[in-house]
Amino acid sequence: MSNKKSSTSFLVQGSILAMASIISRIIGLVYRIPLTAIIGNKGNDYYGCAFEIYNILLIISSYSLPLAVSKLVSADMSLGRKKNVYRILKCALIFGLVSGTIAALILFFGAEFITGTIMKTPYSIFAVKVLVPTLIVVAVLGVMRGFFQGLGTMMPSAVSQILEQIANAIVSVWAAYVLYSYGTKVGAVLGNTENYAAAYGAAGGTLGTGTGAVVGLLFAAFVLLAYLSVFKRQMKRERRAKVDSYSYIFKILFITIIPVLMSTTIYNCNAILDQAIFKNIANLQGYSANDISEWNGIYTGKYKTLINVPISIASALAASSVPALTAAYTNGKKEAVRSQINTAIRFIMVVAFPCAVGMGVLASPILQLLFRDSSELAASMLQLGAVSIVFFSLSTLSNGLLQGINRMREPVKNALIALVLHIGLLVVLMYAFQLNIYAVVYANAFFGLLMCVLNAYSVKKYSGYRQEIRRTFVIPGISALIMGVAVYLSYQLALYLFRVNAIATVFSIFIGVIVYAVVLLLLKGLTEEEILKFPKGAALVRLARKMHLLR
């Protein structure tokens, strides 16, 4: 396979997964609107706290499984070892089932201590307990998704992700409504209506997560069983194939998972540490429990929900880049490795810059449109933290790139350095500057920036890739700033004419997309060859030529 075909293939597959991630995030964003209306900021605090606890155990038990499985499957498929790939699948399913069960037991028996003592959010225990069985389901589902990603197809993962989120959305809103009403009755009896209603409502939201995971698992299992009938026939035609022992595969699986596990755990545990440090220090500084809960509810339920939508594109591209990079690296194709690194970084920066600028400029209008929240606090958080979209998009991608070229320890080392410095900054901002929830926003962005810098150095050191600056960062950045001005002016004009925030916001976003695309092409931020690598690239090139934006 040529370099061009290889990079095009992984970008297309990455785009499929990215589109699924975007659709899933949009569905997640849409259902969070009625969910927030039902459970409020306090319920969002309990819901967000439960998810941060769940996510850490998910990361430890199974988050690294899809990446590790896809990496091993991709390496063996590139060598034509289908029988060994089948053994890897069986070992990984056993591994996922065992690790998921252990994590579920830890969460079940440790929930009270974690929520009450560590996180200072005791009412989130109901939502946490509901998530216990989901850890087992997601572990097995992750193995299946990793298997298909290793084969070079993102479609099963993409479809299962969308189905999972649809089921999640429906059940979350319905269950939150039912359980919020029930919690109100329980709270009335116990003399604490507000907290119990929010707590039970949050538990309803997490019930949707478990239901969605089951739906995703059923679909993935159906596709896997259908595919294995064909795959086993291909295995029978494989002659004198070298097959590793099960003990060796478990060993390799474990060795592959550990660095990815450490990296993802350290990289993602900053969120739960942020909550724990923020709540404990804010409590010592004398802020009321209600204020702390409200602030964190806005941060987890609105701020993080919004900025995670564009960041999901980087996560999808990182997942899709690992199998392609591993195959190229395994076969010694250094030029293909550097080409795919360049393509991935260029693509993600073209997306991240306008998202960050647009989110910053339209912070308050978007919050009003989606959550009916016109508060200065929520808007300021989004304006100040929008830059983290760029940082986390690039750092998430570069984690995947390093893992793809078998430098598994580098993200671990880099994440550990960034985590320590990030915690130090958070404590200083909380104690010395009394920034309360804004300290979390600043420290979180700082963590993403540090990861970008450290990972960039590691990618250059181990792949020989030299980062191009002007077309990767400068031109998309300038194009996004020009777009930001156009978005602001068009919003003000539309708001003046129609007096309706929803119309003005949608209109300004539409104008922003057009302006960004035109300026980016006029400044030669993308070449015709690069656009052709995108899904429907030929159609985009024809449109650009008709508008005289390409020469």
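Residues numbered from 1 in each chain as written. Predicted model: local features only at pLDDT ≥ 70, side-chain atom pairs only at ≥ 80, totals over all residues. Heavy atoms only, no water.

1. A look at the overall build of the chain
Then comes step 1: If you tally the helices and strands in the chain, you get 19 helices and 0 strands.
Then comes step 2: Here the chain has a C-alpha radius of gyration of 23 Å; the compact-globule value for 551 residues is 24 Å, and the two agree.
Then comes step 3: Overall size of the chain, expressed as C-alpha extent along the three principal axes, is 70 × 60 × 40 Å.
Then comes step 4: In the chain, buried positions account for 57% of the 551 residues.
Then comes step 5: For the chain, contacts bridging at least 24 residues in sequence account for 83% of all contacts bridging at least 6.
Then comes step 6: Carbon and sulfur atoms provide 68% of the accessible area of the chain, an area that totals close to 23,200 Å².
Then comes step 7: Distance between charge centres in the chain, computed from 47 positive and 19 negative side chains, equals 13 Å. (Helix = DSSP H or I, 4+ residues; strand = E, 2+ residues; numbered from the N terminus. Rg over C-alpha atoms; globule rule 2.2 N^0.38 Å. Buried < 20%, exposed > 50% of the residue type's maximum accessible area, 1.4 Å probe, protein only. Contact = heavy atoms within 4.5 Å. Areas by Shrake-Rupley, 256 points an atom, 1.4 Å probe, with all protein chains shown as cover. Lys, Arg positive; Asp, Glu negative; His and termini not counted. Charge placed at Lys NZ, Arg CZ, Asp CG, Glu CD.)

2. So, a nonpolar patch on the surface
Then comes step 1: Residues Leu493, Tyr496, Leu497, Phe498, Val500 and Ile503 make up a contiguous nonpolar surface patch of about 610 Å² in total accessible area.
Then comes step 2: With 4 residues, helix 16 (residues 470-498) is the largest single contributor of residues to the nonpolar patch.
Then comes step 3: Of note, Ile503 is situated in helix 17 (residues 501-522).
Then comes step 4: In this structure Ile503 comes out as partly exposed when scored by relative accessible area, which is 40%. (Patch = residues over 30% accessible without salt bridge, like charges linked within 9 Å, V, L, I, M, F, W, Y side chains within 5 Å. Salt bridge = Lys/Arg side-chain N within 4 Å of Asp/Glu carboxyl O.)

3. Overview of the pattern of salt bridges
Then comes step 1: Within the structure shown, the criterion is met by 7 salt bridges.
Then comes step 2: Close ionic contact of Glu410 with Lys413 constitutes a salt bridge, the shortest N to O distance being 3.3 Å. Of the two residues, Glu410 and Lys413 are both situated in helix 14 (residues 409-431); the distance of 3 residues between them amounts to about one turn of the helix.
Then comes step 3: Classification of Glu410 as buried rests on a relative accessible area of 10%.
Then comes step 4: Taking the relative accessible area as the measure of exposure, Lys413 reaches 42% and is therefore partly exposed.

4. Some points on the packing of aromatic side chains
Then comes step 1: One pass over the full model with this rule turns up 16 aromatic pairs.
Then comes step 2: Taking 6.3 Å as the distance between ring centres and 50° as the angle between the ring planes, the aromatic pair formed by Phe126 and Tyr196 counts as tilted. Here Phe126, found in helix 4 (residues 125-130), pairs with Tyr196, found in helix 7 (residues 193-236); they are 70 residues apart in sequence, far enough to count as distant.
Then comes step 3: Taking relative accessible area as the criterion, Tyr196 reaches 18% and is therefore assigned buried. (Phe/Tyr/Trp six-rings, centres within 6.5 Å; stacked < 30°, edge-to-face > 60°.)

5. What about the packing of helix 13 (residues 388-404) against helix 14?
In helix packing, the relevant descriptors are the interaxial angle and the interaxial distance, both defined with respect to the helix axes.
Then comes step 1: Two elements in contact, helix 13 and helix 14, have axes whose closest approach is 8 Å; the angle formed by their N-to-C orientations is 145°. Between helix 13 and helix 14, the contacting residues are Asn399, Leu402 and Gln403 on the first element and Glu410, Pro411 and Asn414 on the second.
Then comes step 2: Of the residues that constitute the contact of helix 13 with helix 14, the class distribution is 2 nonpolar, 3 polar and 1 charged. (Axes fitted to C-alpha atoms, helices over the stretch in contact; angles between N-to-C directions. Nonpolar A, V, L, I, M, F, W, Y, C, P; charged D, E, K, R; others polar.)

6. Observations regarding the confidence of the model for the chain
Then comes step 1: When pLDDT is averaged across the chain, the result is 85; 90% of the residues are at 70 or more.
Then comes step 2: Here residues 1-8 is modelled with pLDDT under 50, and outside its nearest four sequence neighbours on either side it reaches 11 contacts, counting other chains as well. (pLDDT = per-residue confidence, 0-100.)

7. So, unusual backbone geometry
Then comes step 1: Although it is not a glycine, Arg499 adopts a positive phi angle of roughly 60°.
Then comes step 2: Looking at where Arg499 falls in the secondary structure, it is placed in the loop between helix 16 and helix 17.
Then comes step 3: In the Ramachandran plot, Lys524 falls in the positive-phi region, its phi being about 60° despite a non-glycine side chain.
Then comes step 4: Among the secondary structure elements, Lys524 is positioned in the loop between helix 17 and helix 18 (528-532).

8. Let's talk about the side chain of Asn399
Then comes step 1: Relative to the helices and strands, Asn399 is located in helix 13.
Then comes step 2: Polar side-chain contacts of Asn399 include one of 2.9 Å to the side chain of Asn455. (Polar contact = N/O pair within 3.5 Å; in protein donor to acceptor, adjacent residues only side chain to side chain.)

9. Thoughts on the nonpolar core
Then comes step 1: Formed by 122 residues in total, the largest nonpolar core has its most connected members in Ile53, Leu135, Phe278, Leu306, Ile345, Met349 and Leu382.
Then comes step 2: The biggest single contributor to this core is helix 1 (residues 3-63), with 16 residues.
Then comes step 3: Not counting residues up to four positions away in its chain, the partners in contact with Leu382 are Tyr303, Leu306, Ile307, Met359, Ala363 and Leu367. (Core = buried A, V, L, I, M, F, W, Y, C linked by side-chain atoms within 4.5 Å.)

10. Quick notes on the side chain of Asn168
Then comes step 1: Tracing the backbone through its elements, the reader meets Asn168 in helix 6 (residues 155-190).
Then comes step 2: Contacts of Asn168, omitting those with residues within four sequence positions, involve Tyr31, Gly205, Gly208, Thr209 and Gly212.

11. Let's talk about the packing of helix 14 against helix 15 (residues 436-463)
Then comes step 1: Between helix 14 and helix 15, the least distance of the axes is 8 Å, while the angle of their chain directions is 155°. As far as their axial angle goes, helix 15 and helix 14 are roughly antiparallel. At the point where helix 14 passes helix 15, the crossing takes the right-handed sense.
Then comes step 2: Considering only residue class, the contact of helix 14 with helix 15 consists of 20 nonpolar, 6 polar and 1 charged. (Parallel < 35°, antiparallel > 145°, perpendicular 65-115°, else oblique. Left-handed = near helix turned anticlockwise from the far one by under 90°.)

12. Some thoughts on the state of the cysteines
Then comes step 1: Tallying each qualifying case throughout the model produces 0 disulfides.
Then comes step 2: Among the cysteines around Cys452, which has no disulfide bond, Cys355 carries the closest sulfur, lying 15 Å off. (Disulfide = S-S within 2.5 Å.)

13. Some details on the environment of Val85
Then comes step 1: On the secondary structure map, Val85 appears in helix 3 (residues 82-118).
Then comes step 2: On the basis of relative accessibility, which here comes to 0%, the residue Val85 falls in the buried class.
Then comes step 3: Separated by 62 residues in sequence, Val85 and Phe147 place their C-alpha atoms 8.7 Å apart.
Then comes step 4: Beyond its immediate sequence surroundings of up to four residues, Val85 is in contact with Val73, Asp76, Met77, Phe147 and Phe231.

14. Structural notes on the environment of Ala127
Then comes step 1: Tracing the sequence through the fold places Ala127 in helix 4.
Then comes step 2: Considered as a pair, Ala127 and Ala50 are 77 residues apart in the sequence and their alpha carbons are 5.9 Å apart.
Then comes step 3: If near-sequence neighbours (up to four positions away) are discounted, Ala127 is found in contact with Ala50, Ala202, Ala203 and Thr206.

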